[in-house]
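Report on the structure
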Amino acid sequence: MSRPRPPHPQPGPEGPASCSRTVTVQEPMGLHLRTGKAIVQTANRFQARIAIRNLDQDVGPVDAKSILQIMQLQARQGHRLELVAQGPDARPALEALAQIFAQPGEPAPPS
Amino acid sequence: MIAIVIVSHSRCLAEGVREVADQMASGQVTIVPVGGVQDQEGTHLGTDPMAVLQAIQDAWTPDGVLILADLGSAILSAETALEFLPPEQRRRCRISNAPLVEGAIVAALEASLGGSLDAVNAAAEGTGSLVKVARPHPDPRGSTP
């Protein structure tokens with residue numbers, strides 16, 4: 001099976017204003033369509049390039065601004081996703097995205 | 001923001017696809033379902049080019065209209081409908097090659113984010129190569145586990 005293409009250019013820790021954090025999929029049904037929609041809508045509010053990698057399936061990185069690519073993450077409950085953002089608003093972008101993965105009533109995991 | 005027309009042989013299917021797509025677009029995108037043919041005995045499976053034309057006109061926006069159809073005569077009906085449109089409107093319509101359900105879901109979300117007609121269509125058509133179930137490579141010896 002072919003892996004999804006990484007976003008171009010691929011965000012990396014060497015670039016300016018790059019940051020990352022790892023979140024865990026909490027939903028019993030995995031990362032489903034509505035959550036994918038929330039990720040894409042949130043990611044598109046920011047200028048930063050944002051990549052997501054499924055650490056447990058070794059899939060990605062995929063572009064967080066593309067629902068098509070997010071659907072290829074095959075993220076199930078318990079999978080860890082690494083979010084890498086690069087750009088002037090990288091940090092608030094990751095804050096906003098991490099909120100999506102936080103369980104109700106719990107704060108987002110720290111950076 | 002572009003609009004979307006869903007063409008299916010089944011009115012129910014067209015409306016169901018609209019329901020799913022509408023949720024992805026958070027109700028921000030005009031999505032018009034059309035399908036089925038009516039006669040004196042009721043509604044049957046099929047597509048009517050004039051009904052598709054009416055759907056395109058109902059959905060019309062100068063940003064463009066993306067038409068997603070199931071297959072076969074639904075495509076022909078959409079093509080015929082476009083022939084009845086004035087050339088300046090026809091230029092702003094695309095019949096997508098995307099799978100109907102997956103394409104509509106992606107198109108609705110991309111349209112709600114403000115994507116152009118061609119960008120939304122490209123994203124929708126990208127669903128055609130989407131892998132749904134990851135399977136191991138087949139055993140070259142041809143035996144099944």
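Whatever comes next refers back to the structure up there.
Residues numbered from 1 in each chain as written. Chains lettered and ligands numbered in written order. Predicted model: local features only at pLDDT ≥ 70, side-chain atom pairs only at ≥ 80, totals over all residues. Heavy atoms only, no water.

Focus: the overall build of chain B
A tally of regular secondary structure across chain B gives six helices and six strands. Reading the secondary structure of chain B in the N-to-C direction produces β-α-β-β-β-α-β-α-α-β-α-α. Residues classed as buried in chain B amount to 43% of the 145 residues present. (Helix = DSSP H or I, 4+ residues; strand = E, 2+ residues; numbered from the N terminus. Buried < 20%, exposed > 50% of the residue type's maximum accessible area, 1.4 Å probe, protein only.)

Focus: the interface of chain B and chain A
Note: interface size is frequently given as the accessible area lost on complex formation between the parts. Contact residues are listed per partner, giving 16 residues for chain B and 14 residues for chain A. Of the roughly 1200 Å² buried where chain B meets chain A, counting both sides, 73% is carbon and sulfur surface. Where chain B packs against chain A, one counts zero salt bridges. Taken together, the links from chain B to chain A amount to three residue pairs in polar contact (both at pLDDT 80 or more). Of all the secondary structure elements, the ones that give two or more residues to the side of chain B that touches chain A are α1 (11-24) and α5 (100-112) of chain B. (Contact = heavy atoms within 4.5 Å. Buried area = accessible area lost by both parts, 1.4 Å probe. Salt bridge = Lys/Arg side-chain N within 4 Å of Asp/Glu carboxyl O. Polar contact = N/O pair within 3.5 Å; in protein donor to acceptor, adjacent residues only side chain to side chain.)

Regarding the pairing of strand β1 (residues 18-24) of chain A
Residues and elements named next belong to chain A. Burial of β1 is one-sided: the residues Cys-19, Arg-21 and Val-23 facing one way are buried, the residues Ser-18, Ser-20, Thr-22 and Thr-24 facing the other way are not. In terms of strand pairing, β1 meets strand β4 (residues 80-86) through seven bridges, oriented antiparallel. Across the sheet, the residue bridging to Ser-18 is Gln-86, located in β4. (Pairing = 2+ DSSP bridges.)

Concerning the pairing of strand β3 (residues 59-63) of chain A
Residues and elements named next belong to chain A. The pairing of strand β2 (residues 49-54) with β3 spans three bridges and is classified as antiparallel. By the bridge assignment, Asn-54 is partnered in β3 with Val-59. In textbook terms, the turn of a hairpin is the stretch between consecutive antiparallel strands, and for β2 and β3 this stretch comprises four residues, one of which, Asp-58, has a positive phi near 55°.

Brief notes about the environment of Glu-88 of chain B
Among the secondary structure elements, Glu-88 of chain B is positioned in helix α4 (residues 87-90). Along the primary structure Glu-88 of chain B and Pro-62 of chain B are separated by 26 residues, whereas in three dimensions their C-alpha atoms are 9.5 Å apart.

Observations regarding the side chain of Thr-127 of chain B
Along the chain, Thr-127 of chain B turns up in the segment after α6 (117-125). The exposure class of Thr-127 of chain B is buried, given its relative accessible area of 4%. Residues contacting Thr-127 of chain B, with those up to four places away along its chain left out, are Leu-68 of chain A together with Ala-98, Pro-99, Glu-102, Gly-103 and Val-106 of chain B.

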